[in-house]
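Inside the fold
Below, each chain spelled out in residue letters.
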Amino acid sequence: MLHVKQLSVGYEDASVVENIDFHVGKGEFFGILGPNGSGKTTLLKALSGILPHTAGTIQLNGKPLNEYSPKELAKLAAVLPQITSHSFSYRVKETVMLGRYPHQNGLFKSVSPLDEEIVHQALRQTGVEALQDRRLDELSGGEKQRVYLAQALAQEPKVILLDEPTNHLDLSYQKNLLELLKKQTKDQGLTVISIFHDLNLASLYCDRLIMLNKGETKIVDHPEEVLKEENIREVYDTEVHKQAHPQVAKPQIVILPEDSSAAEAAQPGEAFLHVTPEMITYRSPVHMKCMSSGVTGSGFGWYKNVVNRYVSPHYDCTDYRQDMINFLMENDLDPSFTVGMMTAVNLEDVAYDSYSMEGHSIFVVVTAGAGNAVDVTAAHEYPQELRPGTVNTWVFVNGRLSDEAFIEALVISTEAKVKAMQEQNVVDHRTGTLATGTPTDSILIASTHQGTTYPFAGSVTPLGRLIGKGVFETTKKAIESYRKRAGRS
Ligand SMILES: Nc1ncnc2c1ncn2[C@@H]1O[C@H](COP(=O)(O)OP(=O)(O)OP(=O)(O)O)[C@@H](O)[C@H]1O
């Protein structure tokens with residue numbers, strides 16, 4: 001559809017963008033990225049034929065751009081410029097109707113029923129139908145933005161060129177506008193070329209991206225490649241972290257702020273633990289990055305408190321999440337900052353200890369029961385009941401864990417728990433085989449996110465070895481206490 005080869009564009013004698021090469025296919029959503037002043041608008045102006053290029057070629061549908069008459073070009077390409085505060089006092093509908101101009105013939109350019117229909121459709125699609133009789137200079141920035149988009153759509157172009165289309169729009173209109181354009185790429189084969197400052201929106205909606213750096217191409221590729229941390233660091237001179245979008249297969253970028261807060265003493269340990277018959281509470285002085293299967297605070301997140309709440313073995317689990325939230329609030333613990341678990345084990349039997357080795361340190365807390373133990377390899381043979389977890393394992397690490405280290409810490413903790421159960425000869429009563437856990441065990445790996453960085457935590461690393469030892473010994477102690485009480489030792 002659009003082929004750009006060795007393109008250079010500038011103002012007067014000075015070149016602003018140089019040696020740009022890319023192509024955009026029919027129905028493709030193509031994003032232009034780059035810092036302020038990198039030449040995005042200059043490139044877009046050249047692509048829309050507003051600014052002549054000084055070298056190279058731009059071909060639209062196989063024909064050089066400069067060989068199109070303005071009217072011919074307007075039938076093929078529509079431009080949505082950056083909206084400025086200045087606007088004329090046209091009415092909204094008149095403004096959108098201007099989009100039909102390239103399609104109108106004859107001396108008087110009368111409005112046909114088809115023009116009316118298309119204009120109405122564009123007003124509807126962009127949500128400005130109710131504003132159609134209002135004057136443009138009375139509208140908010142976001143409303144104007146949508147009116148100009150309606151005008152561009154009314155033009156029925158094959159390519160639409162947009163300069164930061166979302167910059168005046170609130171969250172919901174940003175999404176609506178980009179969804180609308182994306183739908184048009186799929187349903188109508190519309191080609192969209194758009195400048196973005198918001199890298200995350202560009203990642204979500206664009207098929208491919210070009211990233212400009214000081215008027216030159218840094219990279220042209222799909223978002224996963226373009227939005228690599230090293231590219232952004234080099235081009236935007238900013239530290240970022242790239243991560244997966246939680247719901248769709250697209251990368252997202254988060255800014256890493258300078259760490260200005262003085263590190264508080266966060267060495268995990270008994271000092272922050274409080275045990276009562278109703279609950280075990282760990283109140284950390286710092287927010288901890290946690291991975292857990294808690295009732296509240298599950299998955300990855302940042303939390304200050306961890307709670308293991310005692311509930312009766314006959315606890316009705318139907319609305320356990322809301323019940324846990326109520327319980328936390330009654331106890332002055334903010335559910336937004338608390339990982340909450342439940343157990344039917346007597347909390348006096350909790351086992352905990354600190355472990356350190358070669359400058360690495362962890363704190364482990366375990367509550368364990370064996371009555372409901374299960375051999376997971378035979379669990380498929382029997383129905384399992386949803387009962388409060390009986391082996392709840394908390395591992396607090398003094399340091400910064402990478403995602404890989406979190407996963408490895410979880411694996412090591414599970415291996416150590418299974419070994420402890422087997423050593424204690426905990427048996428699945430239905431199969432007579434050694435148990436590996438209980439049906440609703442819960443785990444927390446918490447990282448103070450200060451001090452040493454841990455890229456890994458497998459058993460080949462000192463941290464992994466420490467977790468293996470700590471979870472094994474603490475789980476053993478917890479099972480022993482549980483059994484003593486139950487009179488089964
Ligand atoms: N009309 C002009 N005459 C001369 N120089 C210009 C003109 N317009 C832009 N420039 C210069 O060209 C360079 C690129 O500007 P351009 O507007 O293309 O950047 P941009 O990447 O779109 O920036 P932003 O993100 O700030 O909108 C800048 O150094 C700018 O000062």
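Residues numbered from 1 in each chain as written. Predicted model: local features only at pLDDT ≥ 70, side-chain atom pairs only at ≥ 80, totals over all residues. Heavy atoms only, no water.

With that settled, the discussion passes to the overall build of the protein chain. What the protein chain contains, in helices and strands, is 12 helices and 22 strands. In summary, the protein chain has a C-alpha radius of gyration of 31 Å against a globular reference of 23 Å for 489 residues, an excess of more than 25%. Per-residue burial for the protein chain yields a buried fraction of 50% across its 489 residues. Within the protein chain, residue pairs in contact and separated by at least 24 positions form 70% of the contacts whose partners lie at least 6 positions apart. On the protein chain, roughly 23500 Å² of surface is accessible, and the fraction owed to carbon and sulfur atoms is 51%. (Helix = DSSP H or I, 4+ residues; strand = E, 2+ residues; numbered from the N terminus. Rg over C-alpha atoms; globule rule 2.2 N^0.38 Å. Buried < 20%, exposed > 50% of the residue type's maximum accessible area, 1.4 Å probe, protein only. Contact = heavy atoms within 4.5 Å. Areas by Shrake-Rupley, 256 points an atom, 1.4 Å probe, with all protein chains shown as cover.)

Moving on to the pairing of strand E14 (residues 279–292). Most of E14 sits inside the fold, with 11 of its 14 residues counted as buried. Across three bridges, the pairing between strand E13 (residues 273–275) and E14 is antiparallel. For Val275, the partnering residue across the bridge sits in E14 and is Ile280. Between E13 and E14, which pair antiparallel one after the other, the connecting turn spans three residues. Bridge count between E14 and strand E15 (residues 299–310): 10 bridges; the pairing is antiparallel. Across the sheet, the residue bridging to Ile280 is Asn308, located in E15. Hairpin connection between E14 and E15: a loop of six residues separates the two successive antiparallel strands, and Gly297 in this loop has a positive phi of roughly 70°. (Pairing = 2+ DSSP bridges.)

A few words now on the sheet that holds strand E8 (residues 191–195). Here we have six strands laid out as an open sheet, ordered E6-E7-E8-E3-E9-E10, and mixed in their pairing. This sheet does not close on itself; its edge strands, each paired only once, are strand E6 (77–80) and strand E10 (216–221). With strand direction ignored, the average angle separating the axes of adjacent strands in the sheet is 15°. Pairing geometry for strand E3 (residues 29–33) and E8, over four bridges, is parallel. (Axes fitted to C-alpha atoms, helices over the stretch in contact; angles between N-to-C directions.)

Under the defined criterion, the tally for this structure stands at nine aromatic pairs. Here Phe22 and Phe30 contribute two aromatic rings whose centre-to-centre distance is 4.8 Å and whose plane-to-plane angle is 15°, an arrangement assigned as stacked. Side by side, Phe22 and Phe30 carry an identical accessibility label, which is buried. Taken together, Phe272, Tyr282, Tyr352, Phe363, Trp394 and Phe396 form an aromatic cluster joined through their ring pairs. Across from the ring centre of Tyr173, 3.4 Å away, lies the NZ or CZ of Arg146, which sits over that ring. For the cation-ring pair, Arg309 lies above Phe327, with the distance from its terminal atom to the ring centre recorded as 4.3 Å. (Phe/Tyr/Trp six-rings, centres within 6.5 Å; stacked < 30°, edge-to-face > 60°. Lys NZ or Arg CZ within 6 Å of the ring centre and 35° of its normal.)

Turning our attention to the side chain of Thr126. Topologically, Thr126 is positioned in the loop between helix H4 (113–125) and helix H5 (141–154). From its side chain, Thr126 meets the backbone oxygen of Ala122 in a polar contact 2.7 Å long. (Polar contact = N/O pair within 3.5 Å; in protein donor to acceptor, adjacent residues only side chain to side chain.)

As a further point, take the domain arrangement of the protein chain. The parts lose accessible area when they come together, and the size of an interface is often stated as this lost area. What the domain assignment reports for the protein chain is domain 1 (2–255) and domain 2 (271–486). The C-alpha-based centres of domain 1 and domain 2 are spaced at 51 Å. (Domains from an automatic or database assignment.)

What follows covers the pairing of strand E16 (residues 338–343). Two faces belong to every sheet, and in a regular strand the side chains alternate between them. E16 sits mainly inside the fold: six of its six residues count as buried. By the alternation rule, side chains of E16 split into Thr338, Gly340 and Met342 and Val339, Met341 and Thr343, which are all buried. Sheet topology places E15 next to E16; six bridges connect them, and they run parallel. When the bridges of E16 are listed, Arg309 appears paired with Met342.

Attention shifts here to the pattern of salt bridges. Under the definition given, this model contains 22 salt bridges. Taking the shortest distance from any N to any O, the salt bridge between Lys228 and Glu225 comes out at 3.2 Å. Glu225 gets classed as partly exposed once you look at its relative accessible area, which sits at 28%. Each of the salt bridges in this network shares a partner with another, and the network as a whole consists of Arg100, Asp115 and Glu156. (Salt bridge = Lys/Arg side-chain N within 4 Å of Asp/Glu carboxyl O.)

Take the environment of Val119 next. Take Val119: it is sitting in helix H4. Through-space distance from the C-alpha of Val119 to that of Ala154 is 5.5 Å; in sequence the pair is 35 residues apart. In this structure, Val119 is in contact with Lys93, Val96, Met97, Arg100 and Ala154, ignoring residues within four places of it in sequence.

Running from N to C, H4 and H5 cross one another at 140°; their axes reach a closest spacing of 8 Å. Here H4 is positioned oblique relative to H5, judged by the angle of their axes. H5 is crossed by H4, and the crossing has right-handed handedness. For the pair formed by H4 and H5, the contact residues are Ile118, Val119, Ala122, Leu123 and Gln125 on the first element and Ala150, Leu153 and Ala154 on the second. Broken down by class, the residue content of the contact of H4 with H5 amounts to seven nonpolar, one polar and no charged. (Parallel < 35°, antiparallel > 145°, perpendicular 65-115°, else oblique. Left-handed = near helix turned anticlockwise from the far one by under 90°. Nonpolar A, V, L, I, M, F, W, Y, C, P; charged D, E, K, R; others polar.)

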